[in-house]
Amino acid sequence: MSRDDPVRHHRVALVGNPNSGKSALFNALTGARQKIANYPGVTVERKAGRLALPNGESRELIDLPGAYSFDAASPDEEVTRKLVHGEFEGEAAPDVLVLVLDAANLEQHLVFAQEVLELGRPTVVALNMVDLAERDGLTLDPAALSEALGVPVIPTVAVRRKGLDELIAAIAEADTHADEDAHKRWHLTLPERRLSAKHMAKGAILSTSTRHTIENGIDRVLLNPWVGPVILFGLLFVIFQAVFAWATPFADALEGGVGAVSALVTDTMPEGFVRDFLTEGVLAGVGSVVVFLPQIVILFFFILVMEASGYMARAAFLMDRLMAGVGLSGKSFIPLLSSFACAIPGIMATRSIPDAKDRLTTILIAPLMTCSARLPVYAVIIAAVIPQTSIGPGIGLQGLVLFALYVAGIVGAMAAALVLRRTVAQGAASGFIMEMPRYQLPRLKDLAIGLWQRAWVFLRRAGTIIFLVTIALWLMLSFPKAEPGESQMDASVAGMVADGLHPILEPIGFNREMSLALVPAMAAREVAVSALATTYAVDAADEEVAAEGVTDKIAALWSLPTALAFLAWFVFAPQCISTIAVARRETNGWKWPTFMVVYLFALAYVFAGLTYWGAVALGL
Amino acid sequence: MTLDAFEHEKSARITAVDWAALAEDEGKRLKALGVDEGAEVCVIHRGVFGTRDPLAIRIGRMTIALRRAHALAIEVEPA
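Residues numbered from 1 in each chain as written. Chains lettered and ligands numbered in written order. Predicted model: local features only at pLDDT ≥ 70, side-chain atom pairs only at ≥ 80, totals over all residues.

### Digging into the overall build of chain B
The test is simple: What counts as a helix is a DSSP run of H or I of at least four residues, what counts as a strand is a run of E of at least two, and both are numbered from the N terminus. Every radius of gyration here is taken over C-alpha atoms, with the globule rule written as 2.2 Å times N^0.38, N being the number of residues. Exposure is read from a count of other C-beta atoms within 10 Å of each residue's own; the residue is exposed at 12 or fewer, buried at 20 or more and partly exposed in between. C-beta atoms are placed from the backbone. Distance between backbone-placed C-beta atoms decides contact: two residues are in contact if it is within 7 Å.
Scanning chain B from N- to C-terminus turns up two helices and five strands. Reading the secondary structure of chain B in the N-to-C direction produces β-α-β-β-β-α-β. Since a compact globule built from 79 residues should have a radius of gyration of about 12 Å, the 11 Å found for chain B is in line with a globular shape. Each principal axis of the C-alpha distribution contributes one length, and for chain B these read about 30 × 25 × 25 Å. Within chain B, the proportion of its 79 residues that are buried is 48%. Contacts spanning at least 24 positions in sequence make up 58% of the contacts within chain B whose residues lie at least 6 apart.

### Quick word on the interface of chain B and chain A
Note the cut-off: Charged means Asp, Glu, Lys or Arg here, nonpolar means Ala, Val, Leu, Ile, Met, Phe, Trp, Tyr, Cys or Pro, and polar covers whatever is left, Gly included. Only strands that DSSP links by at least two bridges are regarded as paired with each other.
Facing 30 residues of chain B, the contacting portion of chain A comprises 30 residues. Of all elements in the fold, only helix H1 (24–32), strand E2 (40–46), strand E4 (62–66) and helix H2 (68–71) of chain B reach the threshold of two or more residues within the side of chain B that touches chain A. No other element matches H1(B), which puts seven residues into the side of chain B that touches chain A. Looking at the side of chain B that touches chain A residue by residue, the class counts come to 13 nonpolar, eight polar and nine charged. Relative to E4(B), strand E12 (residues 434–436) of chain A runs antiparallel, the two sharing three bridges. Bridge pairing in E4(B) places A:Met436 opposite B:Thr63.

### Re the sheet that holds strand E1 (residues 11–16) of chain A
Note on sheets: strands pair through backbone hydrogen bonds, and any given pair is parallel or antiparallel. Residue and element names in this part refer to chain A. Condition: Here the axes come from fitting lines to C-alpha atoms, over the contacting stretch only for helices, and the angles between their N-to-C directions go from 0 to 180 degrees.
Reading across the sheet, the seven strands line up as E2-E3-E4-E1-E5-E6-E8 and stay open at both edges, with mixed pairing between neighbours. For this open sheet the edge positions go to strand E2 (34–38) and strand E8 (153–155), each flanked by a neighbour on one side alone. Within this sheet the neighbouring strands show an average axis-to-axis angle of 25°, counted without direction.

### Examining the sheet that holds E12(A)
Pairing within the open sheet is antiparallel, and its six strands lie in the order E12(A)-E4(B)-E3(B)-E2(B)-E1(B)-E5(B). Two strands in the sheet have a free side with no partner beyond their single neighbour: E12 of chain A together with strand E5 (74–78) of chain B. Here the strands of the sheet are splayed against their neighbours by 45° on average, with no regard to which way each runs. One ladder, built from five bridges, connects strand E1 (residues 11–17) of chain B with E5(B); its direction is antiparallel. Along E5(B), the bridge assignment pairs B:Val17 with B:Ile74.

### Observations concerning unusual backbone geometry
The amide bond that connects A:Phe479 to the next residue, A:Pro480, takes the cis arrangement and shows omega of -10°. In this structure, A:Pro480 sits in the loop between helix H18 (444–478) and helix H19 (488–491). In this structure, the amide linkage connecting B:Asp53 to the following residue, B:Pro54, adopts the cis form with an omega of -5°. Checked against the element boundaries, B:Pro54 lands in the loop between E2 and strand E3 (55–59). If you check the backbone angles, A:Asn19 has positive phi at about 65° while not being a glycine. By the element assignment, A:Asn19 lies in the loop between E1 and helix H1 (22–30).

### So, the nonpolar core
The condition is simple: Linking buried Ala, Val, Leu, Ile, Met, Phe, Trp, Tyr and Cys residues through C-beta atoms within 7 Å yields a set, and such a set is a nonpolar core.
A:Val98, A:Leu101, A:Ala126, A:Leu127, A:Ile381, A:Leu567 and B:Ile64 are the most contacted members of the largest nonpolar core, which totals 201 residues. Setting aside residues up to four positions removed in sequence, A:Leu127 forms contacts with A:Leu101, A:Ala103, A:Leu140, A:Pro142, A:Leu145, A:Val153, A:Ile154, A:Pro155 and A:Thr156.

### Quick notes on the packing of helix H25 (residues 577–587) of chain A against helix H26 (residues 591–617) of chain A
In a packed pair of helices, the relevant descriptors are the angle between the two axes and the axis-to-axis distance. Residues and elements named next belong to chain A. As a reminder of what qualifies: Left-handed describes a crossing whose near helix is turned anticlockwise from the far helix by less than a right angle; the clockwise case is right-handed.
Contact pair H25 / H26: the axes reach a minimum separation of 7 Å and the direction vectors enclose 145°. Where H25 crosses over H26, the two elements pack in a sense that is right-handed. Of H26, the residues touching H25 (which contributes Ile580, Ala583, Arg584 and Thr587) are Trp592, Pro593, Met596 and Val597.

### Thoughts on the environment of B:Glu9
Residue and element names in this part refer to chain B. Structurally, Glu9 can be placed in the segment before E1. Between the C-alpha atoms of Glu9 and Ile44, which are 35 residues apart in sequence, the distance is 5.3 Å. With residues near it in sequence (within four places) discarded, Glu9 still touches Cys42 and Ile44.

### A closer look at the packing of helix H5 (residues 142–149) of chain A against helix H7 (residues 190–204) of chain A
All names here are of chain A. What counts here: Comment on the angle field: the value is read as roughly parallel under 35 degrees, roughly antiparallel over 145, roughly perpendicular from 65 to 115, and oblique elsewhere.
Two elements in contact, H5 and H7, have axes whose closest approach is 8 Å; the angle formed by their N-to-C orientations is 150°. Comparing the axis directions of H5 and H7 gives the class roughly antiparallel. Two secondary-structure elements touch here, H5 through Ala144, Leu145 and Ala148 and H7 through Met200, Gly203 and Ala204. For the contact of H5 with H7, a count of residues per class yields five nonpolar, one polar and no charged.

### A word on the confidence of the model for chain B
Cut-off, in case you're wondering: The score called pLDDT rates the predictor's confidence residue by residue, from a low of 0 to a high of 100.
On average, chain B scores 92 in pLDDT, and the residues at 70 or more come to 100%. Complex prediction metrics read pTM 0.85 and ipTM 0.96.

### Examining the pairing of E2(B)
In the case of a regular strand, side chains alternate between the two sheet surfaces. As judged from the three bridges shared by E1(B) and E2(B), these two strands associate in the antiparallel manner. Within the sheet, the bridge partner assigned to B:Ser11 lies in E2(B) and is B:Cys42.

### Considering the pairing of strand E4 (residues 58–63) of chain A
Residue and element names in this part refer to chain A. Bridge count between E1 and E4: four bridges; the pairing is parallel. Opposite Arg11, over in E4, you have Glu60 as the bridge partner. The turn linking strand E3 (residues 45–52) back onto E4 is made up of five residues, and Gly56 within it adopts a positive phi angle of 95°.

### Here's the deal with the environment of A:Arg443
Residue and element names in this part refer to chain A. Along the chain, the position of Arg443 falls in the loop between E12 and H18. With 16 C-beta atoms packed within 10 Å, Arg443 lands in the partly exposed category. Linking Arg443 and Gly500, residues 57 residues apart in sequence, is a C-alpha distance of 55 Å.

And the structure:
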């Protein structure tokens, strides 16, 4: 499309350093109606929305990934560079640029600003977060800065909608010049830009006080070498409590709702394939997706608050030493933390890791973090085979075994990272360089928008996969139809797969029922429980009753070594097709997900086997 | 003296950076953050549980985290 094509609407892009308050400004300018997609070929998010101009027209507003420089050091920066230079395939360069600067960090942000202004495109500067600058004792002169930069400078406080009307008016004015040819400016070298940034910042700062910023005071506590980690682990404890305890009533309510709809369908529709397909396929699929939603929303809430307040960077700082021990960096901490709820958001969160090998390793070990879908399996098996004895004040044996399974996952993940970083994901020792943003009180509206977006992405990505897998497995379990007297599960395709699996799994102590339960558990691990219920012909009308029935059967029919081997299997096995599919999406191919599946199944087999043989040798 | 050995909470001026000792992207990132010859920096936090890794340094009005390995490649003098 040519620049003077009358039908083509101009596009406006926000560009600026990370931590310039760009996203808050984007939210304030576009409201909640945003379109989030991926840039083709890369896992960098493209955020776009509608910007209403004073004359009633509207423009597409794009929020470009934050960049320190066009000399790209990360995939994010590469996208921003290509896009503003018009080198991005299938996407024309933006016509108007809104350069977002942190008012309290002018000297730094003006370095990249000059690189942007060299493009010669119509540009408006948003001098953002002037309130925080004032808090730090800075008084600024926007007119002087405008003079020095040669473009309009509008002071804004995105989170309080201050200066937005003026900014939009300036964008509309710049928009009228969008069809003129770019006046490329003289190219400066980095030291030259730095020097002139220093001068411009000095000229724009009317007064500055030397009082300590509040960051110093807060960081003295939160980054204290002894107190800091204790606070972090306290916070993690609260998050875990919240994810597992607070979410339960909501998850139960959602499940109950799906169950009610399912019952209604059963009552109103005639018996047959369509009804079974709806209740056992479609609605069961919906149910297994929404049951995770409360946990994911609660987890995302905490992560968003940590990000928006500036604490996340501190958490990464505190965890870096530990992660460095296995060849990763503090940046892998958040994805791995998320994986305790579900590996899918965890793998999606690896996008914030700039180093490709670090990111790959984090994706490969994320499934080893004990996700919430394993809990029902652990709970049933532990209740069946581990006696409810106390081994100390307040410490039960059952709880201890559960804790040991979590630890086994973490230790396994760390050991895997150590090996992966020296073999398939070999590379230079990963670094850890990151800006620590200033502390800020998160704003409710930005949290709400972020929460909505992430929950929606989860529902769309994970939802569709879990949903389809559930239906496919239902078909595998339903066909071919059983002869009278034969169990449906035995006759089905899934049963035949289990027959094929059993000889392989027998040496590690698995019986045929267990092999059978592993097949539908590929949709979501917790399905293993209801699959066992079905095979043991337990009346599975109510999940809790089913779990109790299964517990009794397991206690009666499984030996202790067999049960322990099953637990060890679930610590390692990639028993979740959705995770594999998301890994494919995030690594752009089948190579790494295939590798992940193979190494995790191998680990699961070996450790389940070692557990079984060890337990048998000990005479358990 | 390297930045790693420099006194806590005292201003230091960078006299030289051994770019060859750093990965290319890391060098770029440090430069983009303003860590370069002539810049004034100040170490304000270090590691956890007595380890000296990583470091948080103040540069201008910004705080950045980096590893000891990076600090060892940065030569400084008292500012």
